[in-house]
Amino acid sequence: ERVYLTPKQITKMKGFGSRNSFGGYLSNSSVYNCLTASYAVDGGNSMKFIRNGRISALSPVECERLQGFPDGWTARASTNQRYKTLGNAVTTVVIAEIIRKVEFSKPRRNAA
């Protein structure tokens, strides 16, 4: 329930694709903006979307999944700290793929 915006929060939003000082972006796209350290349900840097007919943000567990961490990885922290931690995290599967690409692109040395 905490990922859904309240009626007061909704009245401060300006609509799809608009930027405002309270609710962030309301997206009708299937492409999501990046997570930031300032991501929050009511934060101006967080994209919102329609879920079950209501305006919603991502939950901390959904953010954990997007970053490649197990569910509950940040559960001991406050909700705000969870969003901050996950927004500052590096997506592990992306880094693994970058390392794999770098390893395969290195020139091979001949053993003499």
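Heads up: the structure comes first, above all this text.
Residues numbered from 1 in each chain as written. Predicted model: local features only at pLDDT ≥ 70, side-chain atom pairs only at ≥ 80, totals over all residues. Heavy atoms only, no water.

Participant: Mind showing me how you'd approach unusual backbone geometry here?
Facilitator: Located in the positive-phi region is N52, a residue other than glycine, with phi close to 55°. Among the secondary structure elements, N52 is positioned in the loop between β2 (47-51) and β3 (54-56). (Helix = DSSP H or I, 4+ residues; strand = E, 2+ residues; numbered from the N terminus.)

Participant: Please clarify how the pattern of salt bridges should be interpreted in this entry.
Facilitator: As a working rule, side chains carrying opposite charge can pair if their charged atoms are close by. A full pass over the atoms with the stated rule returns five salt bridges. Between E62 and R51 there is a salt bridge, with the nearest N and O atoms lying 2.6 Å from each other. Of the two residues, E62 sits in helix α2 (residues 60-66) while R51 sits in strand β2, which places them 11 residues apart along the sequence. Residue class for E62 comes out partly exposed when judged on its relative accessible area of 21%. When the shortest N-O distance is used, the salt bridge between R82 and E64 registers 3.1 Å. Of this pair, R82 sits in helix α3 (residues 79-88) while E64 sits in helix α2; the two residues are 18 residues apart in sequence, bridging distant segments of the chain. Sharing partners across several salt bridges, the network here consists of E97, R100 and K101. (Salt bridge = Lys/Arg side-chain N within 4 Å of Asp/Glu carboxyl O. Buried < 20%, exposed > 50% of the residue type's maximum accessible area, 1.4 Å probe, protein only.)

Participant: Would you mind going over the side chain of S56 with me for this structure?
Facilitator: Its place among the elements puts S56 in strand β3. Here S56 falls in the buried class, since its relative accessible area comes to 0%. At a separation of 3.0 Å, a polar atom in the side chain of S56 contacts the side chain of R51. With residues up to four places along the chain from it excluded, the contact list for S56 reads V3, Y4, M47, K48, F49 and R51. (Polar contact = N/O pair within 3.5 Å; in protein donor to acceptor, adjacent residues only side chain to side chain. Contact = heavy atoms within 4.5 Å.)

Participant: Looking at this structure, how should I read the packing of aromatic side chains?
Facilitator: By convention here, two paired aromatic rings are described through the distance between centres and the angle between planes. For the coordinates displayed, the defined rule picks out one aromatic pair. Residues F69 and W73 carry aromatic rings whose centres are separated by 3.9 Å and whose planes lie at 5° to one another, so their mutual orientation is stacked. Residue class for F69 comes out buried when judged on its relative accessible area of 15%. When the ring centre of Y4 is taken as origin, the NZ or CZ atom of R54, which lies over that ring, is 4.1 Å away. (Phe/Tyr/Trp six-rings, centres within 6.5 Å; stacked < 30°, edge-to-face > 60°. Lys NZ or Arg CZ within 6 Å of the ring centre and 35° of its normal.)

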